[in-house]
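A closer look at the structure
Read off the chains here:
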Amino acid sequence: MNDKVVITVAPTGSISTRADNPNIPYTPEEVAEETRRSYEAGAAMVHLHAREPDTGKPTSDLEVFRAYLAAVKAACPIITQITTGGGATTLGLSVEERLRPVEELMPDSASLNAGSMNFGRKLFPNTPDTIEQYAQRMKELKVMPEFEAYDLSMIHNVEYWVRRQGFLEPPYRFSFVMGVIGGIPATCKNLLVMCESLDPTYSWQAIGIGRHHFTMGAMAVLLGGGLRVGFEDNVFLSRGLPAKSNAELVEKAVRIVRELGKEPATVEEARQMMPLLNKG
Ligand code: ZN
């Protein structure tokens with residue numbers, strides 16, 4: 001499936017608000033509708049955070065997460081992923097609180113942040129103890145971790161703390177988050193180094209933040225990876241032009257994929273391409 005590209009949509013996140021783009025979905029119904037349209041446009045996976053439906057403020061409320069996931073699953077058969085990182089910087093959640101929606105709701109996948117860093121002005125704590133604990137628990141639950149690497153060191157954290165210590169067998173799936181202040185800058189050279197640092201059996205995608213959204217995405221396609229788009233990471237379709245919807249961002253990703261001679265992976269193809277722990 002070398003010509004197939006997995007596109008993930010991250011429809012809401014926890015940082016951007018309707019002051020940044022009035023089209024960001026907040027409620028479970030809005031997020032599910034945006035996800036359905038993104039799925040129909042070519043996305044195979046969705047990455048979810050939860051927000052208070054009335055205010056759009058990030059929340060760790062299990063019932064809100066439950067409503068999001070139920071609405072998304074009712075809307076389309078997309079592969080589901082829940083964050084375990086969002087609440088760390090925005091809500092100051094404990095390690096256990098960050099994992100709880102994953103344990104209760106059993107998505108296909110969960111993000112697993114592969115190291116501590118300064119995320120903008122905030123501390124984003126992901127110690128070796130946390131990484132090990134999450135890897136072990138996700139293995140037990142058969143929820144595929146997606147290791148979020150914000151810098152080269154985090155790839156090596158996973159090799160040392162997870163692979164070498166035997167908490168979860170490879171192959172793994174990674175996201176390279178490019179362009180967060182405090183993480184690796186979004187340049188072609190840096191993405192190449194990240195990509196070439198991975199075991200070639202692993203699955204990966206690039207997440208270009210802000211104005212780097214589609215440049216990093218296009219380079220990832222050229223290098224054989226996938227890409228993530230959506231309002232969590234970027235609210236503009238192109239310079240100065242706010243996107244009307246997540247689906248519009250997915251449509252642009254699909255155009256890039258096809259112009260480069262590849263095709264977006266279907267959900268079934270994406271399931272084969274990723275090291276999901278529960279293939280059912
Ligand atoms: Zn996220």
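Model, not experiment: these values are computed from the prediction. (Residues numbered from 1 in each chain as written. Predicted model: local features only at pLDDT ≥ 70, side-chain atom pairs only at ≥ 80, totals over all residues. Heavy atoms only, no water.)

1. Things to note about the coordination of the zinc ion
To be explicit about the condition: Water is not part of the atom set, so a site may look incomplete; the donors themselves are N, O and S atoms within 2.8 Å of the metal, or 3.2 Å for Na, K and Ca. Exposure is judged per residue with a 1.4 Å probe applied to protein chains only, and the accessible area is read against the type maximum: over 50% gives exposed, under 20% gives buried, and values in between give partly exposed.
Taken together, the protein donors to the zinc ion comprise His 47 (NE2), His 49 (NE2) and Glu 232 (OE), at separations of 2.0 to 2.1 Å. As a motif over one chain, the donors of the zinc ion read H-x1-H-x182-E. Pair check on accessibility: His 47 and His 49 agree, each one buried.

2. Considerations on the packing of helix H7 (residues 188-196) against helix H8 (residues 213-222)
This is how the line gets drawn: Whenever a helix is involved, its axis is fitted only over the stretch in contact; in every case the axis is a line through C-alpha atoms, and angles between N-to-C directions fall within 0 to 180 degrees. Runs of E in the DSSP output that reach at least two residues are strands. Runs of H or I that reach at least four are helices, and both are numbered from the N terminus. Relative orientations are named as follows: roughly parallel for angles under 35 degrees, roughly antiparallel for angles over 145 degrees, roughly perpendicular for angles from 65 to 115 degrees, and oblique for any other angle. Helix crossings are classified by the rotation of the near helix relative to the far one: an anticlockwise turn of less than a right angle makes the crossing left-handed, while a clockwise turn makes it right-handed. Whether two residues touch is decided by their heavy atoms; if any such pair falls within 4.5 Å, the residues are in contact. Each residue gets one label: Ala, Val, Leu, Ile, Met, Phe, Trp, Tyr, Cys and Pro are nonpolar, Asp, Glu, Lys and Arg are charged, and the others, such as Gly, are polar.
Interaxial distance between H7 and H8 falls to 10 Å at its minimum, and their mutual angle equals 40°. The pairing of H7 with H8 is recorded here as oblique in orientation. Of the two elements, H7 crosses H8, and the hand of that crossing is right-handed. For the pair H7 and H8, the contacting residues are Cys 188, Leu 191 and Leu 192 in the first and Met 216, Met 219 and Ala 220 in the second. Partitioned by chemical class, the residues of the contact of H7 with H8 number six nonpolar, no polar and no charged.

3. Structural notes on the packing of helix H4 (residues 95-105) against helix H5 (residues 128-141)
At their nearest, the axes of H4 and H5 sit 11 Å apart, and the two run at 15° to each other. For the element pair H4 / H5, the angle class is roughly parallel. Where H4 crosses over H5, the two elements pack in a sense that is right-handed. Residues Val 95, Glu 96, Arg 98, Leu 99, Val 102 and Glu 103 of H4 pack against Thr 130, Gln 133, Tyr 134, Arg 137, Met 138 and Leu 141 of H5. In terms of residue class, the contact of H4 with H5 is made up of six nonpolar, two polar and four charged.

4. Focus: the packing of aromatic side chains
The condition that has to hold: Think of it this way: a Phe, Tyr or Trp ring, Trp meaning its six-membered ring, pairs with another when their centres are within 6.5 Å, and the plane angle makes it stacked under 30 degrees, edge-to-face over 60, tilted otherwise.
Applying the stated criterion across every chain, the model contains 10 aromatic pairs. When the ring of Phe 147 is compared with that of Tyr 172, the centres are 5.3 Å apart and the planes differ by 70°; the resulting orientation is edge-to-face. One end of the pair, Phe 147, is in strand S8 (residues 144-149); the other, Tyr 172, is in the loop between helix H6 (152-164) and strand S9 (173-178), and 25 residues separate them in sequence. A relative accessible area of 0% means that Phe 147 is categorised as buried. You can call Tyr 172 buried: its relative accessible area is 2%. Between Phe 147 and Phe 174 the ring centres are 5.5 Å apart and the planes differ by 40°, which places this aromatic pair in the tilted class.

5. Some thoughts on the sheet that holds S8
Threshold: Only strands joined by at least two bridges in the DSSP assignment are considered to pair.
Pairing is parallel in the closed barrel, where eight strands are placed in the order S2-S3-S4-S5-S8-S9-S10-S11. Neighbour-to-neighbour, the strand axes of this sheet turn through a mean angle of 30°, independent of strand direction. Examined bridge by bridge, strand S4 (residues 79-82) and strand S5 (residues 109-113) share two bridges and lie parallel to one another. Bridging from a neighbouring strand, Ile 82 pairs with Ala 110 of S5. Here H8 sits on the sheet and contacts S9, strand S10 (203-208) and strand S11 (226-229); the angle it forms with S11, its principal contact strand, is near 160°.

6. Notes on the pattern of salt bridges
Convention followed: Only one rule defines a salt bridge in this text: a Lys or Arg side-chain nitrogen within 4 Å of an Asp or Glu carboxyl oxygen.
Enumeration over the complete set of coordinates arrives at 17 salt bridges. Among the ionic pairs, Arg 36 bridges to Glu 40, the shortest N-O distance being 2.9 Å. Residue Arg 36 and its partner Glu 40 are both found in helix H1 (residues 28-41); the two are separated by four residues, about one turn of the helix. A residue is classified by how much of its surface remains accessible, and Arg 36, at 25% relative accessible area, is partly exposed. For Glu 140, the salt bridge identified is with Arg 137, shortest N-O distance 2.7 Å. Of this pair, Glu 140 and Arg 137 both sit in helix H5, three residues apart, which is roughly one turn of the helix.

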